[in-house]
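For reference, the chains in residue letters:
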Amino acid sequence: MESTVTWLIMLGRFGRVLFSLAIIGIGVETLICSYVSSHSLGPHYKVVPVIPWLPAVPSLAYFVGAILVLCGAGLLFQRTLVVSSITLGGLMLICGLAFDVPRRPDLMSAEWRTNVLEPIAIGSLAWLAPGLGGIPRWLHRASRYLLAFALIVFGIGHFQVLTFIASMVPGWIPWHWFWTVFFGVAFISAGVSFATGFLQRWTALGVGLMFAIWTVTIHLPALIASPDPDKWSDVFIVVALWGGFWMVSRNLRDRRDLSLGSDSNRA
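Colleague: Is there a simple way to think about the overall build of the protein in this case?
Modeller: In terms of regular secondary structure, the protein is built from 10 helices and zero strands. Sequence-ordered secondary structure for the protein, helices as α and strands as β, is α-α-α-α-α-α-α-α-α-α. Among the 267 residues that make up the protein, the fraction classed as buried is 52%. Counting contacts in the protein only where the partners sit at least 6 residues apart, residues at least 24 apart contribute 69% of the total. For the protein, the accessible area works out to roughly 12200 Å², and carbon and sulfur atoms hold 71% of it.

Colleague: Hey, could you run me through a nonpolar patch on the surface in this one?
Modeller: On the surface, a cluster of nonpolar side chains totalling about 430 Å² of accessible area is made up of Trp7, Phe198, Leu199 and Trp202. Here Phe198 lies in the loop between helix H8 (176–196) and helix H9 (200–225). Overall, Phe198 belongs to the partly exposed group, its relative accessible area being 37%.

Colleague: Is there a simple way to think about the pattern of salt bridges in this case?
Modeller: Two side chains with opposite charge may pair up if their charged atoms get near one another. Under the defined criterion, the tally for this structure stands at one salt bridge. The partner of Asp228 in a salt bridge is Lys231, and the shortest N-O contact between them spans 3.8 Å. Taking the relative accessible area as the measure of exposure, Asp228 reaches 23% and is therefore partly exposed.

Colleague: Explain the environment of Ser59 to me, please; I cannot follow it from the model alone.
Modeller: Structurally, the position occupied by Ser59 is in helix H2 (residues 58–74). Sequence-wise, Ser59 and Ser34 are 25 residues apart; in three dimensions their C-alpha atoms are separated by 7.8 Å.

Colleague: Sorry, what's going on with the side chain of Thr217 here?
Modeller: Topologically, Thr217 is positioned in helix H9. There is a polar contact of 2.7 Å between the side chain of Thr217 and the backbone oxygen of Ile213. Contacts of Thr217, omitting those with residues within four sequence positions, involve Pro170, Trp172 and Ile173.

Colleague: Hey, could you run me through the packing of aromatic side chains in this one?
Modeller: To describe a pair of aromatic rings, you give the distance between the ring centres and the angle between the ring planes. What the rule picks out here adds up to 18 aromatic pairs. A centroid spacing of 5.3 Å and a plane angle of 85° characterise the contact between Phe183 and Trp214, whose relative ring orientation is edge-to-face. Here the residue Phe183 occupies a position in helix H8, and Trp214 occupies one in helix H9, the gap between them amounting to 31 residues. Considered together, Phe183 and Trp214 belong to a single accessibility category, that of buried residues. Aromatic pair Phe211 and Phe245: ring centres 6.2 Å apart, planes at 10°, arrangement stacked.

Colleague: When you look at helix H5 (residues 117–128) in this model, what are you seeing that I'm missing?
Modeller: Counted at 1.5 Å a residue, the expected span for H5 with its 12 residues is 16 Å, and the 16 Å between its end C-alpha atoms agrees. The element H5 is largely enclosed, with a buried count of 12 among its 12 residues.

Colleague: What's the story with the nonpolar core in this structure? I'm lost.
Modeller: Across soluble globular proteins, nonpolar side chains have a tendency to be buried as a group. One finds Phe19, Leu88, Phe211 and Phe245 to be the most contacted residues of the largest nonpolar core, which totals 65 residues. Breaking this core down by element, the ones donating at least two residues are helix H1 (2–32), H2, helix H3 (81–100), H5, helix H6 (137–160), H8, H9 and helix H10 (229–249). Looking at which element gives the most residues to this core, the answer is H10, with 12 residues. Once residues within four sequence positions are removed from consideration, Phe211 is found in contact with Phe187, Val238, Leu241, Trp242 and Phe245.

Cut-off values and rules
- Residues numbered from 1 in each chain as written.
- Predicted model: local features only at pLDDT ≥ 70, side-chain atom pairs only at ≥ 80, totals over all residues.
- Heavy atoms only, no water.
- Helix = DSSP H or I, 4+ residues; strand = E, 2+ residues; numbered from the N terminus.
- Buried < 20%, exposed > 50% of the residue type's maximum accessible area, 1.4 Å probe, protein only.
- Contact = heavy atoms within 4.5 Å.
- Areas by Shrake-Rupley, 256 points an atom, 1.4 Å probe, with all protein chains shown as cover.
- Patch = residues over 30% accessible without salt bridge, like charges linked within 9 Å, V, L, I, M, F, W, Y side chains within 5 Å.
- Salt bridge = Lys/Arg side-chain N within 4 Å of Asp/Glu carboxyl O.
- Polar contact = N/O pair within 3.5 Å; in protein donor to acceptor, adjacent residues only side chain to side chain.
- Phe/Tyr/Trp six-rings, centres within 6.5 Å; stacked < 30°, edge-to-face > 60°.
- Expected span 1.5 Å × (residues − 1).
- Core = buried A, V, L, I, M, F, W, Y, C linked by side-chain atoms within 4.5 Å.

Following this line, the structure appears as structure tokens:
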């Protein structure tokens, strides 16, 4: 049991570093791209081409970018972890609801999955970073349910654009359609796990590994081939999700495994 606790603590620390660096990267890219606009969300919406896809208003981009950099840096230190995680989670939720929901009101569209739920998922992971001892119990539970909802919609989105996602799988990997369906089912299963609290620690580890694989096999090669702002943002998103799920894995309690006490959350 002691070796398991040590392993989870080390993995959680590594995940937190990855998550923090990804948030800093998103903030820096937002500052750099504050005067760059994109139509990636549709011809009627000019946005900064970086998650959380702010309106193309330089002063707003500077303000949010600076907060993201500060929050990412604050997540690296224990004494500023709680303030940084709550601020980051609130910022991502507000941006997702205020800016992205009006652009994509259709809940069942594939764009809604990406543009609305990715910042909300990252914000929920930030809220879970301090563990139950660092945030109110209601916020911890709400974050789990938001993640559960996001993961289920991510899975449904895989089946909505099955052909497109299958085309993203590198050519040297066989069975493109199989892996697309497999990961769609995995997303939905992970969402159920977070909603019910059943095996959620192992689910977080598995989902983090999934994003790690996608980082190495899909998004980094795409960035190297075409280093434009959208590709940078894609890398920061998957690294944040990779690190975020590993970061929170040691703080999650399974309904059938309460063997790790609250002391594990302090490391």
